[in-house]
Amino acid sequence: MPQPVQRKEHPLSIRLPDADIAIIDRAARLRGRSRTDFMRDAAVRAAEDVLMETTPIRMSPEGFDAFMAAVSGPAVPVPEIVELFRRAAPWEADSPTTGE
């Protein structure tokens, strides 16, 4: 007798107001995704964020000592970041003349 095929996907149904659907559909179109793909990605990303916030990080005492030494030492400037902060923001930079 053939073995039943196990489904690897599970249907999920939620009720949403029209306004929520409109926002989701608009965002999905902007990303070039279907509503289902967009919502699945958003839900999985949100779930991963929650899990990352609540998952303890375990390390050996030696690893913890190395970590604490790295974050407790004096700050070292990163030349690329220093240069970035010296530049004017795009909205502050001189704009090209418009001929006025």
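Look above for the structure.
Residues numbered from 1 in each chain as written. Predicted model: local features only at pLDDT ≥ 70, side-chain atom pairs only at ≥ 80, totals over all residues. Heavy atoms only, no water.

(A) Molecular detail of the overall build of the protein chain. Tallying secondary structure elements over the protein chain gives 4 helices and 0 strands in all. For the protein chain, the α and β elements follow one another from N to C terminus as α-α-α-α. For 100 residues, the compact-globule estimate of 2.2 N^0.38 gives 13 Å, and the C-alpha radius of gyration of the protein chain, at 25 Å, exceeds that figure by more than 25%. Counting only C-alpha atoms and orienting by the principal axes, one finds that the protein chain spans roughly 70 × 65 × 30 Å. (Helix = DSSP H or I, 4+ residues; strand = E, 2+ residues; numbered from the N terminus. Rg over C-alpha atoms; globule rule 2.2 N^0.38 Å.)

(B) Seen up close, the packing of helix H1 (residues 18–31) against helix H2 (residues 35–54). Packing of H1 against H2 leaves a shortest axis separation of 9 Å and a crossing angle of 95°. It follows from the interaxial angle that H1 and H2 lie roughly perpendicular. Only Arg-35, Phe-38 and Met-39 of H2 make contact with H1, whose side of the interface consists of Ile-21, Ile-24, Asp-25, Ala-27, Ala-28 and Arg-31. Split into classes, the residues belonging to the contact of H1 with H2 amount to 6 nonpolar, no polar and 3 charged. (Axes fitted to C-alpha atoms, helices over the stretch in contact; angles between N-to-C directions. Parallel < 35°, antiparallel > 145°, perpendicular 65-115°, else oblique. Contact = heavy atoms within 4.5 Å. Nonpolar A, V, L, I, M, F, W, Y, C, P; charged D, E, K, R; others polar.)

(C) Just H1, in detail. Helix length check: H1, at 14 residues, gives a terminal C-alpha distance of 20 Å against a target of 20 Å (1.5 Å per residue), a fit within 8%. Within the sequence span of H1, burial applies to Ile-24, Asp-25 and Ala-28. End-on view of H1: buried residues confined to an arc of 100°, all on one side of the axis. Facing away from the buried side of H1 by over 90 degrees, the exposed positions are Ile-23, Arg-26, Arg-29 and Leu-30. (Expected span 1.5 Å × (residues − 1). Buried < 20%, exposed > 50% of the residue type's maximum accessible area, 1.4 Å probe, protein only. Arc of directions from axis to C-beta.)

(D) The layout of surface pockets, seen in detail. The computed volume of the largest pocket comes to approximately 490 Å³. The wall of the largest pocket is formed by 14 residues, among which Pro-11, Leu-12, Thr-36, Met-39 and Arg-40 lie closest to the centre. If one sorts the elements of the lining of the largest pocket by residue count, H2 sits on top with 5 residues. Tallied by class, the residues present in the lining of the largest pocket amount to 7 nonpolar, 2 polar and 5 charged. (1 Å grid on protein atoms, 1.4 Å probe; cavity = no way out; pocket = protein on both sides within 12 Å on 5 of 7 lines; lining within 4 Å. Points joined across faces, edges and corners; volume = space filled by probe spheres on them.)

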